[in-house]
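# Examining the three-dimensional arrangement
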Amino acid sequence: MGLDHAVTKPHEALAAVLENDMVAVNDLIQARMASKHAPRIPEVTAHLVNAGGKRLRPMLTLAAAKMCGYEGVYHHYLAATVEFIHTATLLHDDVVDESAQRRGRPTANLLWDNKSSILVGDYLFSRSFQLMTETGSIDVLRILSNASATIAEGEVLQLTAAQDLRTDESVYLQVVRGKTAALFSAATEVGGVIADADATLVQALFDYGDALGIAFQIVDDLLDYQGDTKATGKNVGDDFRERKLTLPVIKAVAKADAEERAFWMRTIEKGKQVDGDLEHALMLLNKHGTLEATRQDALAWTEQAKTAMAKLPDHDIRDMLVDLADYVVARVN
């Protein structure tokens, strides 16, 4: 997905400030994704890790630690941990979704096979646990292991919820908290914990990551219906073709008459799609104003993220994280 098509890019400003730290994190990632016995592991991992992703999650860990005055090296370990967990979930996701494209390139499961993607994902999860134990912090272990379980739970919940028209906004939020926001909030929270920050600051960092992650995913779901393929690396309507019940559709189903409900039943629940269905779906989303309503939800979560950030002491990085929250939603203006 893209954070690319805007004039000012807060994630780039953040990357510039954290440049030296990110070099250390990238060195750590390269070293730890190596495998003496299974050369396919670094091959598959490198394909994703070097695909030009924004490294947003590890940057959030570094940013949180820096704001809290941390001067050690373990924030590098935690940032690498977060990136490994993220990469492992992407490898698994692409198999589950049968995706052919990720960040504008063929997916690992397409270039190699499903078995390689699953097993290398498992390897990266294991590597992430090795890294986090090296910090010696039981709190860090608790936060990141809880996040890993929540991510897996969110993915499993999505399997049943994504094609069930009874799925409402509360279930959708539970899925999003699992599959996306859990890693954002863990990334920011552990940055504060490793810096031994005050409990209220750690909570504020968690709240920021949680709200940012939810806004991020809502925008991602919105871009699927009104995004620019070149910028997002995804085709418009992929979620519809994959029969994913995302927020714009959940809102449209809630307002549907009998005929519209029958359309959603056929295309999403039963998966019987024909030419022209995507256009009809877009017409219904526009008719009920659900794309704009979804954008308003994303804006509300952005405001929550900014409110949380306001609890942290004055810092250049704090201002960048506030800008980042705004920018996430600005992508769909």
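Whatever comes next refers back to the structure up there.
## Focus: the overall build of the protein chain
When helices and strands are tallied, the protein chain shows 17 helices and two strands. In summary, the protein chain has a C-alpha radius of gyration of 20 Å against a globular reference of 20 Å for 333 residues, a match within 12%. Taking the principal axes of its C-alpha atoms as reference, the protein chain extends roughly 60 × 50 × 35 Å. A total of 333 residues make up the protein chain; the buried ones form 54% of that total. Residue pairs in contact within the protein chain that sit at least 24 positions apart in sequence constitute 76% of those at least 6 positions apart.

## Some points on the packing of aromatic side chains
In the structure shown here, the tally under the stated rule is five aromatic pairs. Ring centres of Phe-240 and Phe-263 lie 6.4 Å apart, and the angle between their planes is 15 degrees; on these two criteria the pair is classed as stacked. Taken together, the positions of Phe-240 in helix H12 (residues 238-241) and Phe-263 in helix H14 (residues 258-269) put the pair 23 residues apart, joining distant regions of the chain. Take Phe-240 and Phe-263: they sit in the same class, and that class is buried. Relative to Trp-264, the ring of Phe-263 lies with its centre 5.1 Å away and its plane at 65 degrees, an arrangement referred to as edge-to-face. Of the residues examined, Phe-263 reaches a relative accessible area of 7% and is grouped as buried. A residue is classified by how much of its surface remains accessible, and Trp-264, at 1% relative accessible area, is buried. Through pairs of rings, three or more aromatic residues link up here, namely Phe-240, Phe-263 and Trp-264.

## As for the side chain of Asp-277
Tracing the backbone shows Asp-277 in helix H15 (residues 277-287). We classify Asp-277 as buried; its relative accessible area is 5%. At a separation of 2.7 Å, a polar atom in the side chain of Asp-277 contacts the main-chain amide nitrogen of Val-274. Excluding residues within four positions of it along the chain, Asp-277 makes contact with Phe-240, Phe-263, Arg-266, Thr-267 and Lys-272.

## Re the packing of helix H10 (residues 199-226) against helix H13 (residues 247-254)
In contact at an axis separation of 8 Å, H10 and H13 are set at 75 degrees when each is read in the N-to-C sense. In this view, H10 runs roughly perpendicular relative to H13, as classed from their interaxial angle. Facing Ile-218, Asp-221, Leu-222 and Tyr-225 of H10, the residues of H13 in contact are Leu-247, Pro-248 and Val-249. Looking at the contact of H10 with H13, its residues break down into six nonpolar, no polar and one charged.

## Remarks on the nonpolar core
One finds Leu-144, Tyr-208, Trp-264 and Leu-321 to be the most contacted residues of the largest nonpolar core, which totals 98 residues. In terms of residue count, the dominant contributor to this core is H10 (15 residues). Look past the residues within four positions of Leu-321 in its chain and what remains in contact with it is Leu-14, Leu-60, Ala-63, Met-67, Tyr-208 and Met-309.

## Concerning the pattern of salt bridges
Using the criterion set out here, one finds 19 salt bridges in the structure. The residue Asp-238 makes a salt bridge to Arg-241 at a minimum N-O spacing of 3.2 Å. Highlighted residues: Asp-238 and Arg-241, both in helix H12, separated by three residues, approximately one helical turn. Of the charged contacts in the structure, one is a salt bridge between Arg-295 and Glu-292, with a shortest N-O distance of 3.2 Å. With Arg-295 and Glu-292 both in helix H16 (residues 290-309), this residue pair falls three residues apart, about one helical turn. Since its relative accessible area comes to 17%, Arg-295 is described here as buried. When its relative accessible area of 40% is taken as the criterion, Glu-292 is described as partly exposed. Shared partners join several salt bridges into a network, and the residues in it are Glu-169, Lys-251 and Asp-297.

Scoring rules and cut-offs
Residues numbered from 1 in each chain as written. Predicted model: local features only at pLDDT ≥ 70, side-chain atom pairs only at ≥ 80, totals over all residues. Heavy atoms only, no water. Helix = DSSP H or I, 4+ residues; strand = E, 2+ residues; numbered from the N terminus. Rg over C-alpha atoms; globule rule 2.2 N^0.38 Å. Buried < 20%, exposed > 50% of the residue type's maximum accessible area, 1.4 Å probe, protein only. Contact = heavy atoms within 4.5 Å. Phe/Tyr/Trp six-rings, centres within 6.5 Å; stacked < 30°, edge-to-face > 60°. Polar contact = N/O pair within 3.5 Å; in protein donor to acceptor, adjacent residues only side chain to side chain. Axes fitted to C-alpha atoms, helices over the stretch in contact; angles between N-to-C directions. Parallel < 35°, antiparallel > 145°, perpendicular 65-115°, else oblique. Nonpolar A, V, L, I, M, F, W, Y, C, P; charged D, E, K, R; others polar. Core = buried A, V, L, I, M, F, W, Y, C linked by side-chain atoms within 4.5 Å. Salt bridge = Lys/Arg side-chain N within 4 Å of Asp/Glu carboxyl O.

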